[in-house]
Amino acid sequence: AGASFFGAGSHFEGNMLGATAAVFLTGSSIHGRVLVQTAVTLQSTTVTKPPTLPSPPPPPAPPSTTTNALKIDTNQGSIAINEGSIATNADNITALKQLVTELAAAQRSVIAINDAQASMITALESSNVIKVPRKDDLF
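Just so you know, these numbers come straight off a predicted model, no measurement behind them.

Caption draft 1: Geometry of the nonpolar core. Among the nonpolar cores identified, the biggest contains eight residues, and these are Phe 6, Phe 12, Met 16, Ala 22, Phe 24, Ile 30, Val 34 and Val 36. Where this core is concerned, the elements lending two or more residues are strand E2 (11-18), strand E3 (21-24) and strand E4 (29-36). Of the residues forming this core, the biggest block, three residues, is contributed by E4. When neighbours within four sequence positions are excluded, Phe 12 is seen to be in contact with Phe 6, Phe 24, Ser 29, Ile 30, His 31 and Arg 33.

So this is what it looks like as structure tokens:
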């Protein structure tokens, strides 16, 4: 609003935003806030500050994450668990070790299968049974 005028004995509740002026005449009262860019005139006016709202609760903590708990070295076929970085009980650590052992065995099996396939392809190519196209042959 541009300018706002409140007569003698008037009562205002809430927040008022103004551009040029807010004038409260004798005996008026305000329960709230009056925010004006240039001037606020109060003639024997009672101003009551509204209650402060409680602060919002803090945001919940992010879920804890564990880093460097598991180290897998595919070149060496080794897997290590850093127990100090896992926040859990001994049963969970034992189950995790078992799972990691099984994953390592599965990984070794996949590597062995890939090696066997590569050897088989090489043997078939050398006996001229198949010809596997190479990248250079395709372009």
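Caption draft 2: Structural context of unusual backbone geometry. Backbone geometry places Ser 44, a non-glycine residue, at a positive phi of 50 degrees. Position of Ser 44 relative to the elements: it lies in the loop between strand E5 (39-42) and strand E6 (46-48). The exposed category is assigned to Ser 44, whose relative accessible area is 61%.

Caption draft 3: Expanded view of the sheet that holds E2. Reading across the sheet, the three strands line up as E2-E4-E6 and stay open at both edges, with parallel pairing between neighbours. In the strand order of this sheet, the two ends are held by E2 and E6, each with one partner. Strand-to-strand twist in this sheet, taken as the mean axis angle between neighbours without regard to direction, amounts to 45 degrees. When E4 meets E6, the two strands line up parallel, connected through three bridges. Bridged to Ile 30 within E6 is Val 47.

Reading the values: the criteria
Every chain is numbered on its own, with residues counted from 1 as its sequence reads. Totals for whole chains, interfaces and linings use every residue, but because this is a predicted model, local features are given only for residues with pLDDT of at least 70 and side-chain atom pairs only at 80 or more, for both listing and counting. As a rule here, side-chain values come from all non-hydrogen atoms in the structure, and water together with hydrogens is ignored. Put simply, a nonpolar core is a bunch of buried Ala, Val, Leu, Ile, Met, Phe, Trp, Tyr and Cys residues held in one set by side-chain atoms that sit within 4.5 Å of each other. Throughout this description, buried means an accessible area under 20% of the type-specific maximum (1.4 Å probe, protein chains only), exposed means over 50%, and partly exposed covers the range between. Helix and strand definitions here come from DSSP, where helices need a minimum of 4 consecutive H or I residues and strands a minimum of 2 consecutive E residues; each element is numbered from the N-terminal end. Contacts are assigned to residue pairs with any non-hydrogen atoms lying within 4.5 Å of each other. One requirement defines pairing of two strands: DSSP has to find at least two bridges between them. Lines fitted to C-alpha atoms define the axes, with helix axes restricted to the stretch in contact, and inter-axis angles between N-to-C directions lie between 0 and 180 degrees.

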